[in-house]
Amino acid sequence: HRVLPLSADSNNQLSDAYAMAPYIHPYNCHKYFALQKRALQFAKAKRRQVVWIRALDTPTTAKDKALSAEALDRARKLWLKLHDMQTGGIMGLLPLTWGMPLRFTRTLDKERQIFTLTRCVLVGWELHDLDKERLAGSTEPELVLRRLPKRLCVKLQNTNMPQHHGLEPQVYAVTPLRAIWFRDADKNAK
């Protein structure tokens, strides 16, 4: 209630301060629901398309490798819902839109002062050709990418970081990360 007044009109009249907030949640709402809802509200307030990025989970056990394509697809859909503490720190589903404020969840580059909780704004991305074509012709409010982006470009604020990969000043390129996580307590199912 301190950020968004509780009224019938509050869902349609989002202030810029609310739409730009990095993280607002009611009570103890699940982190992912809150993050995803915020991204959707930001995109709606700015009249921009949301692009959903899905983690690509590849099981390594012999039993999992023997799964049919349909069974593996069902398992992957379940894994997308897991908390990032269970999946090596990587969210299963990440919604993004241009200009969206973000924070880093881990330290990536000490030289450029990119630490956990460093704030930034999404200013661009480099997609695979298949997704570039789909995105270029899409008028849908939301689109799920078929491949992981090659990189996301974020602009940092209030820092004099050294130039990164020939990008414009203050812009950093984030590439997909690979993490190993276990589905069992004995750490047998990677």
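Quick caveat, the model's predicted, so the values are computed rather than measured.

## A word on the nonpolar core
Working step 1: Counting residues in each nonpolar core, the largest one holds 22 residues, and the members touching the most others are Leu96, Leu102, Leu122, Trp125, Val154, Leu156 and Tyr172.
Working step 2: Going through the elements one at a time, α2 (31-46), β1 (50-54), β4 (119-126) and β6 (151-156) are the ones with two or more residues in this core.
Working step 3: Once residues lying within four places of it in the same chain are set aside, the contact partners of Val154 are Leu102, Phe104, Cys120, Val121, Leu122, Val123, Gln170, Val171, Tyr172 and Val174.

## Examining the side chain of Arg112
Working step 1: With respect to the element layout, Arg112 can be found in the loop between β3 (101-103) and β4.
Working step 2: Since its relative accessible area comes to 12%, Arg112 is described here as buried.
Working step 3: Looking at Arg112, its side chain comes within polar contact range of the main-chain oxygen of Pro162, at 3.1 Å.
Working step 4: If we skip the residues at most four places from it in the chain, Arg112 touches Leu156, Thr159, Met161, Pro162, Gln163, His164 and Tyr172.

## Some details on the pairing of β1
Working step 1: Of all five residues that make up β1, four are buried, and the element is covered over most of its length.
Working step 2: The sheet contact formed by β1 and strand β5 (residues 142-144) spans three bridges and is parallel. What sits directly across from Trp52, in β5, is Val144.
Working step 3: Of the pairings in the sheet, the one linking β1 to strand β2 (residues 93-96) comprises four bridges and is antiparallel in character. Bridged to Ile53 within β2 is Leu94.

## Quick look at unusual backbone geometry
Working step 1: Phi is positive for Gln113, which is not a glycine, with a value near 60 degrees.
Working step 2: Among the secondary structure elements, Gln113 is positioned in the loop between β3 and β4.
Working step 3: Unusually for a residue other than glycine, Gln170 sits at a positive phi of about 75 degrees.
Working step 4: Of note, Gln170 is situated in the loop between β6 and β7 (171-174).

## Observations regarding the side chain of Thr87
Working step 1: As for its placement among the helices and strands, Thr87 is situated in the loop between α4 (69-79) and β2.
Working step 2: When near neighbours in sequence (up to four residues on either side) are disregarded, Thr87 contacts Trp79, Leu82, Ala179 and Trp181.

## A short note on α4
Working step 1: Three or more residues of α4 are buried, namely Ala71, Leu72, Ala75 and Trp79. Projected down its long axis, α4 shows its buried positions confined to an angular sector of 95 degrees, all on one face. Exposed side chains of α4 directed beyond 90 degrees from the buried face belong to Ala69, Glu70, Arg74 and Lys77.

Criteria and thresholds
- Residues numbered from 1 in each chain as written.
- Predicted model: local features only at pLDDT ≥ 70, side-chain atom pairs only at ≥ 80, totals over all residues.
- Heavy atoms only, no water.
- Core = buried A, V, L, I, M, F, W, Y, C linked by side-chain atoms within 4.5 Å.
- Buried < 20%, exposed > 50% of the residue type's maximum accessible area, 1.4 Å probe, protein only.
- Helix = DSSP H or I, 4+ residues; strand = E, 2+ residues; numbered from the N terminus.
- Contact = heavy atoms within 4.5 Å.
- Polar contact = N/O pair within 3.5 Å; in protein donor to acceptor, adjacent residues only side chain to side chain.
- Pairing = 2+ DSSP bridges.
- Arc of directions from axis to C-beta.

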